[in-house]
Amino acid sequence: MKQANKSTRDRCPACSSPAAHLLDWEFSGLGDSIFNYTAHFFCCQDCSLVYVQNIDDEKLAQYYAGECSYFEKPHFAVTSPTNQEKYEAYIRFLNDNRVAPVDMADIGCGRGGFVSRLSERWEAACWGVDVDMRSMPQGEGKDKAAFRMGDAAQLPFGDRSLGLLTYFHILEHVRDLHGLLSEAVRVLQPDGFIMIEVPDAERYRAHPIGSAFWISIREHIYHYTAKALVAALQSHGFHILQVSRQTLPTPEFSYPSLMVLARKRERPAAVANIPIAGDVAAYVLESREALLRQAQEILGVAENQQVTLWGCSAELFSLLPLLDRRRVRICDSSKLKQGTSYKGMAIEDPRSVPISGTLIIAPYLHGVAIKSTARQLGWSESAMHLLH
Ligand SMILES: [Zn+2]
């Protein structure tokens, strides 16, 4: 759907080269979600960064304050062995680059898993900073890490006070990239280190998880290439020490990790030439095609029978705008979600929806678990379909 007065040209937020409109993606969400909007995806013609142009940090802050439930998800459990393994990979990356213990802060620390682990090894101050107090460890922990509330654009530290700042899975969530990096420059000591990790968009295709998993994560507004991340850092005077692509574990899946370590310098560095390793724009377009095909298939089935969708996952919120709401019903096991609605439609309890027609299981990651619950409720094998 074309909109009047929509800009089709922009400046890349990472490297300032011209960027062009790539496609529109209609997201959605429960109740009055901030994601009931059409995202305008743009792609940089030089560094190949793909990003959502028409959202800002104020809107996103509403999401983190109200809708977001990271704080209760087992995916982020700091004690899980897979997450511990990931923290070790981060520490190894610092050690490999001979970063000696310095006063540091982990920005967007969540439950503080990494910073707590690092503080066991480092004879230096280790801070965890997050906007969301619900995530933070409460009271006196047994570790040496300490926690402060703050956001990436306004850090609770003095000028030139820290030797290392780490940002794990933060830069894909913050629209004002240059605000974040300027603040890092302010807080870092001369020659201080910055370590950044984001999902490696150039390797989404190698780790698809589901047909539209990566692009359906509505709060990921940047899809980085290594070239884009390096360009953004260099524009703030950082010298790049290492760019690393790894595959790291989480409790639910392994993901393509892009890590960069850089150092604050007074003099500008020679611009590193980073080759483009994967076509992110093509991947986004393919994800869109796959989603449209899924929607067509579901609408085809709904011609003749009842279609029930189970699971209000991110993928479902990209799929729903493509479906005819009159022809499907939605259910979810979460009591919290049952209390809400989708554009006027009630989210039903799976135990009370009629067992007839076809059941579409929407979440890519928990499909098998939902299927076994549905089987117990009486859904037959042939009536259930898993989206992936
Ligand atoms: Zn760019």
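Below, the structure is looked at part by part. (Residues numbered from 1 in each chain as written. Predicted model: local features only at pLDDT ≥ 70, side-chain atom pairs only at ≥ 80, totals over all residues.)

**Overview of helix 6 (residues 226-234)**
Because an α-helix packs 3.6 residues into every turn, residues spaced three or four apart end up facing the same way. Test applied: Between the buried cut of 20 or more and the exposed cut of 12 or fewer other C-beta atoms within 10 Å of a residue's own C-beta lies the partly exposed class, and all C-beta atoms are placed from the backbone. Put simply, DSSP marks the helices as runs of H or I at least four residues long and the strands as runs of E at least two long, and each gets a number from the N terminus on. Two residues qualify as being in contact provided that their C-beta atoms, derived from the backbone, are within 7 Å of each other.
Judged by how many residues are buried, helix 6 sits mostly within the fold: eight of nine residues are covered. Considering only its buried residues, helix 6 is in contact with strand 3 (38-44), helix 4 (177-187), strand 9 (188-199), strand 11 (238-249) and strand 12 (254-264).

**Let's talk about the sheet that holds strand 15 (residues 341-342)**
Condition: Note on pairing: DSSP must find at least two bridges between two strands before they are called paired. Fitting a line to C-alpha atoms yields each axis, with helices limited to the stretch in contact; the angle taken between N-to-C directions then spans 0 to 180 degrees.
Read across the open sheet, the six strands follow the order 15-16-14-13-17-18; overall the sheet is mixed. Each having just a single partner strand, strand 15 and strand 18 (384-386) make up the two edges of the open sheet. Bridge count between strand 15 and strand 16 (residues 345-348): two bridges; the pairing is antiparallel. Paired with Tyr-342 across the bridge in strand 16 is Met-345. Helix-sheet contacts for helix 7 (residues 280-302) involve strand 13 (307-310), strand 14 (328-331) and strand 17 (358-361), and the interaxial angle to strand 13 is about 140 degrees.

**Here we look at the sheet that holds strand 4 (residues 50-52)**
Spatially, the five strands line up as an open sheet ordered 1-2-3-4-10, and their pairing is antiparallel. Each of the sheet's edge strands pairs with one partner strand only, and the pair in question is strand 1 (9-11) and strand 10 (222-223). Of the strand pairs in this sheet, strand 1 and strand 2 (residues 18-26) are connected by three bridges, and their pairing is antiparallel. Looking across to strand 2, one finds that Arg-11 is bridged to Pro-18. Sitting on the sheet, helix 7 touches strand 2, strand 3, strand 4 and strand 10, and the angle it makes with strand 2 is about 20 degrees.

**Description of the nonpolar core**
For clarity, the cut-off: Remark: nonpolar core denotes a set of buried Ala, Val, Leu, Ile, Met, Phe, Trp, Tyr and Cys residues whose joining runs through C-beta atoms within 7 Å. For every domain, the bounds stem from an assignment made automatically or drawn from a database.
Ranked by size, the top nonpolar core spans 108 residues in total, and within it Ala-14, Leu-49, Val-50, Leu-165, Ala-228 and Leu-229 carry the most contacts. Counting residues per element, this core draws most heavily on helix 6, which supplies seven residues. Both domain 1 (70-281) and domain 2 (300-386) contribute no fewer than three residues apiece to this core. When neighbours within four sequence positions are excluded, Ala-14 is seen to be in contact with Cys-44, Cys-47, Leu-49, Leu-177, Ala-228, Leu-229, Ala-231 and Ala-232.

**With respect to the environment of Leu-229**
Considering the arrangement of structural elements, one finds Leu-229 in helix 6. Overall, Leu-229 belongs to the buried group, with 30 C-beta atoms counted inside 10 Å. Separated by 33 residues in sequence, Leu-229 and Ile-196 have C-alpha atoms that sit 8.9 Å apart.

**Description of the pairing of strand 17**
Of the pairings in the sheet, the one linking strand 13 to strand 17 comprises four bridges and is parallel in character. In the strand pairing of strand 17, Leu-309 is matched with Ile-360. The pairing of strand 17 with strand 18 spans three bridges and is classified as parallel. Its bridge partner lying in strand 18, Ile-361 is registered against Leu-386.

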